[in-house]
Amino acid sequence: MASRKEYVEFVLEQLSEAGDVSSRAMMGEYVIYYRGKVVGGIYDDRFLVKPVEAAVSLMPEAEYEIPYQGAKEMLLVVNLEDRSFLKKLMESMYEQLPEPKKKKKKQA
């Protein structure tokens, strides 16, 4: 089941206080970026984030869920109404996220 565009727009609006949040459609689902780094995604109308130490400590009761078959577990974010919490979550996760991979130049 693909995520609904309305849900994606809702999550992005809730994350807007963190600044520089974007999404990219990928096979019916959406990857979520914060300041250029992948923080998680929206899968089957669920907002999941990478289980870095900061996210685990801010959401100790969060359920681990698999975004799609064969993927690593991620944390389910259920507190979508609290924009200040979401801002804190994005900011605290940022330093613990891997740097984006450099794109390889095509050889002629």
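Keep in mind the model is a prediction, meaning the values are calculated, not measured.

Undergrad: Even after reading the chapter, I still don't get the sheet that holds strand β5 (residues 64-65), so can you show me in this structure?
TA: Two modes of strand pairing occur in sheets, parallel and antiparallel, and in both the strands are linked by backbone hydrogen bonds. Taken in spatial order, the 6 strands make up an open sheet running β1-β2-β3-β4-β6-β5, and their pairing is antiparallel. Among the strands making up the open sheet, the edge pair consists of β1 (21-26) and β5. In this fold helix α1 (residues 5-15) packs onto β1, β2 (29-34), β3 (37-43) and β4 (46-49), with an angle of close to 160° to the strand it touches most, β1.

Undergrad: What should I look at first to understand the nonpolar core in this one?
TA: The tendency in soluble globular proteins is for nonpolar side chains to be buried as a group. Core analysis: the largest hydrophobic core is formed by 26 residues, its most contacted members being Phe47, Val49, Met59, Met90 and Met93. Among the elements of the structure, α1, β2, β3, β4 and α3 (83-94) are those that each provide at least two residues to this core. Per element, the largest residue contribution to this core is 6 residues, and it comes from α3. Residues in contact with Val49, not counting those within four places in the same chain, are Val39, Gly40, Ala55, Met59, Met74, Leu75, Val77, Met90 and Met93.

Undergrad: Mind showing me how you'd approach α1 here?
TA: One full turn of an α-helix is made of 3.6 residues, so residues set three or four places apart face in the same direction. Of all the positions in α1, only Tyr7, Val8, Val11, Gln14 and Leu15 are classed as buried. Burial along α1 is one-sided: seen end-on, the buried residues are contained in an arc of 130°. In the core, the buried residues of α1 are packed alongside β1, β2, β3, β4 and α3.

Undergrad: When you look at the environment of Glu61 in this model, what are you seeing that I'm missing?
TA: Within the element layout of this structure, Glu61 appears in the loop between α2 (53-58) and β5. Through-space distance from the C-alpha of Glu61 to that of Ala2 is 26 Å; in sequence the pair is 59 residues apart.

Undergrad: Even after reading the chapter, I still don't get the packing of aromatic side chains, so can you show me in this structure?
TA: To describe a pair of aromatic rings, you give the distance between the ring centres and the angle between the ring planes. Going through the model one piece at a time under the given rule, you end up with 3 aromatic pairs. Centre to centre, the rings of Tyr7 and Phe10 are 6.5 Å apart; their planes meet at 45°, and the pair counts as tilted. With a gap of 3 residues between them, Tyr7 and Phe10 both fall in helix α1, about one helical turn apart. Centroid distance Tyr34 to Tyr94: 5.8 Å. Interplanar angle 90°. Geometry classified as edge-to-face. Linking Tyr34 in strand β2 with Tyr94 in helix α3, this pair joins segments that are 60 residues apart in sequence.

The rules behind these values
- All residue numbers here refer to positions counted from 1 along the written sequence of the relevant chain.
- pLDDT decides what is reported in this predicted model: residues at 70 or higher carry local features, side-chain atom pairs at 80 or more are listed and counted, and totals for whole chains, interfaces and linings draw on all residues regardless.
- Side-chain descriptors were evaluated using all non-hydrogen atoms of the structure, hydrogens and water having been removed beforehand.
- A strand pair is defined by DSSP finding two or more bridges across the two strands.
- Put simply, DSSP marks the helices as runs of H or I at least four residues long and the strands as runs of E at least two long, and each gets a number from the N terminus on.
- We call two residues in contact whenever any of their non-hydrogen atoms come within 4.5 Å of each other.
- Only C-alpha atoms enter the line fits that serve as axes; for helices the fit covers just the stretch in contact. Angles between N-to-C directions range over 0 to 180 degrees.
- Buried Ala, Val, Leu, Ile, Met, Phe, Trp, Tyr and Cys residues that are joined via side-chain atoms within 4.5 Å together make up what is termed a nonpolar core.
- Buried means the residue's accessible area, taken with a 1.4 Å probe over protein chains only, is under 20% of the maximum for its type, while exposed means over 50%, and partly exposed covers the values in between.
- Note that the arc is computed from the directions linking the helix axis to the C-beta atoms.
- Each Phe, Tyr or Trp ring, with Trp reduced to its six-membered ring, pairs with another whose centre is within 6.5 Å; inter-plane angles below 30 degrees give stacked pairs, above 60 give edge-to-face pairs, and intermediate values give tilted ones.

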